[in-house]
Amino acid sequence: LYLLQPNVKEGAGGLRDYHAAYWAMQASGAFARDRVELMHQGLLTDDELADLSAALDFLWRVRNELHLRAGRKNDQLSFEIQESMAAAFGYPARDDDHDLPVERFMGEYYRHARIIRTCSDLVFEQCLARVRKAPARRKAPTRSDA
C-alpha cells in the first residue's frame, strides 16, 4: 500500500481494488448500478461510502492528471512526476509544518488508497459471508439424469 512509486490502477488500494469489490457485490446477488448500492445493500455505512467516494474521486483525478501529463496511458506515480502532480493539485510551496508539497500530496494519496483498500476488504468479507449463508442452489438436470 505504501510503495514509494505506487500504481494508481493496479496497486494496493488502487482503482482495481474498488472494481473487484464492486463485481464481488454483483456476483453475490446484490445487483447494482452504482456505488451507492454498497450502502443500500448493507455492505458499507453511509460514512464509509462517503469516504470511499472521496477516495475514488481523488484517485480518478490523479489518474487523469497522470494521463494528461504523459500524453498517454500512465498509472505509475513515479518520483519524476510526483512533484509536478503536487503542484497541479495546488499544494503550496511550504506550510507551517515545513512539509514539502510532494510529501503532502503523497500523504493524501496514501490516505485515500488506504480507505479504498479498507472499504474493498469490508465488501469482500461481507459478500463472502452472504454467499456462504445462501441456500444451496438446485443443480440443473443433465442429459445423464434423464
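The text that follows walks through the structure, step by step, so that each part is easy to find.

Now for the packing of helix α3 (residues 46-70) against helix α5 (residues 101-133). Two elements in contact, α3 and α5, have axes separated by 9 Å at closest approach and are oriented at 130 degrees. If you check the angle between α3 and α5, you find them oblique. Considering the relative orientation of α3 and α5, their crossing is left-handed. In this structure, α3 uses Glu48, Asp51, Leu52, Ala54, Ala55, Leu56, Phe58, Leu59 and Val62 to contact α5, whose residues at the interface are Phe105, Glu108, Tyr109, His112, Ala113, Ile115, Ile116, Cys119 and Leu122.

Let us now look at the packing of aromatic side chains. Across all of its chains, the model carries eight aromatic pairs by this definition. Where Phe58 meets Phe105, the ring centres are 6.1 Å apart and the plane angle is 45 degrees; that geometry is what we call tilted. Placement of the pair is Phe58 in helix α3 and Phe105 in helix α5, with a sequence separation of 47 residues. With respect to burial, Phe58 and Phe105 carry one shared label: buried. One aromatic cluster is present, formed by Tyr18, Tyr22, Trp23 and Trp60 through successive ring pairs.

Quick look at the side chain of Glu65 now. As for its position among the elements, Glu65 is in helix α3. In contact with Glu65, other than residues within four places in its own chain, are Met85, Ala88 and Phe89.

Definitions and cut-offs
Residues numbered from 1 in each chain as written. Predicted model: local features only at pLDDT ≥ 70, side-chain atom pairs only at ≥ 80, totals over all residues. Heavy atoms only, no water. Axes fitted to C-alpha atoms, helices over the stretch in contact; angles between N-to-C directions. Helix = DSSP H or I, 4+ residues; strand = E, 2+ residues; numbered from the N terminus. Parallel < 35°, antiparallel > 145°, perpendicular 65-115°, else oblique. Left-handed = near helix turned anticlockwise from the far one by under 90°. Contact = heavy atoms within 4.5 Å. Phe/Tyr/Trp six-rings, centres within 6.5 Å; stacked < 30°, edge-to-face > 60°. Buried < 20%, exposed > 50% of the residue type's maximum accessible area, 1.4 Å probe, protein only.

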